[in-house]
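Per-entry structural report
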Amino acid sequence: MKLTPIEQETILLSNQAEDTAEVYTHDRKLLEKLTRLSQKHPEQVCKKDKHKFTVPKRSMSHRTPYCKQRRK
């Protein structure tokens, strides 16, 4: 069964007690990137199953959105 784009969600789970976060995704590009990272850095990025990975929290990024002027 193929998922619609709205159903291809990504969920990030983290807490204050652990240095890792869990990523659950159906985003094809993100799955490919996380799979490559898990092969290149297996000690840091762990593939749990087809759609679930454990990553260091420091690898997650939250940025301020670009303003219209900066995008140009």
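Up top is the structure.
These lines cover the structure that appears in this document, whether it is placed above or below.

Let's talk about the environment of Pro-5
Among the secondary structure elements, Pro-5 is positioned in the segment before β1 (10-13). Taking the C-alpha atoms as reference points, Pro-5 and Arg-63, 58 residues apart in sequence, are found 24 Å from one another.

Section: the pairing of strand β4 (residues 52-56)
Among the five residues of β4, four are classified as buried, and the element is accordingly described as predominantly covered. For strand β2 (residues 20-25) and β4, the ladder comprises five bridges, and the chain directions are antiparallel. Counted as the bridge partner of Ala-21 is Val-55 from β4. Strand direction decides the pairing type here: strand β3 (residues 46-47) and β4, joined by two bridges, are antiparallel. Each residue of the ladder has a partner; that of Cys-46, found in β4, is Thr-54. Connecting the antiparallel pair β3 and β4 is a turn made up of four residues.

Comments concerning the sheet that holds β1
Read across the open sheet, the four strands follow the order β1-β2-β4-β3; overall the sheet is antiparallel. A strand with exactly one partner marks an edge of an open sheet, and here the two such strands are β1 and β3.

Things to note about the pairing of β1
Examined bridge by bridge, β1 and β2 share four bridges and lie antiparallel to one another. Across the sheet, residue Ile-11 finds its bridge partner in β2, namely Tyr-24.

Quick word on the side chain of His-51
Tracing the chain through its elements places His-51 in the loop between β3 and β4. For His-51, a relative accessible area of 18% puts it in the buried group. Dropping the residues within four chain positions of it, His-51 is found in contact with Val-23, Tyr-24, Thr-25, His-26 and Leu-31.

A short note on the layout of surface pockets
In this structure, the largest pocket encloses a volume near 340 Å³. Lining of the largest pocket is provided by 17 residues; of these, Leu-30, Leu-34, Val-55, Ser-59 and Met-60 occupy positions nearest its centre. Those elements that provide at least two residues to the lining of the largest pocket are β1, α1 (28-40) and β4. It is α1 that contributes the most residues to the lining of the largest pocket, four residues altogether. Here the residues of the lining of the largest pocket sort into nine nonpolar, six polar and two charged.

About the criteria used
Residues numbered from 1 in each chain as written. Predicted model: local features only at pLDDT ≥ 70, side-chain atom pairs only at ≥ 80, totals over all residues. Heavy atoms only, no water. Helix = DSSP H or I, 4+ residues; strand = E, 2+ residues; numbered from the N terminus. Buried < 20%, exposed > 50% of the residue type's maximum accessible area, 1.4 Å probe, protein only. Pairing = 2+ DSSP bridges. Contact = heavy atoms within 4.5 Å. 1 Å grid on protein atoms, 1.4 Å probe; cavity = no way out; pocket = protein on both sides within 12 Å on 5 of 7 lines; lining within 4 Å. Points joined across faces, edges and corners; volume = space filled by probe spheres on them. Nonpolar A, V, L, I, M, F, W, Y, C, P; charged D, E, K, R; others polar.

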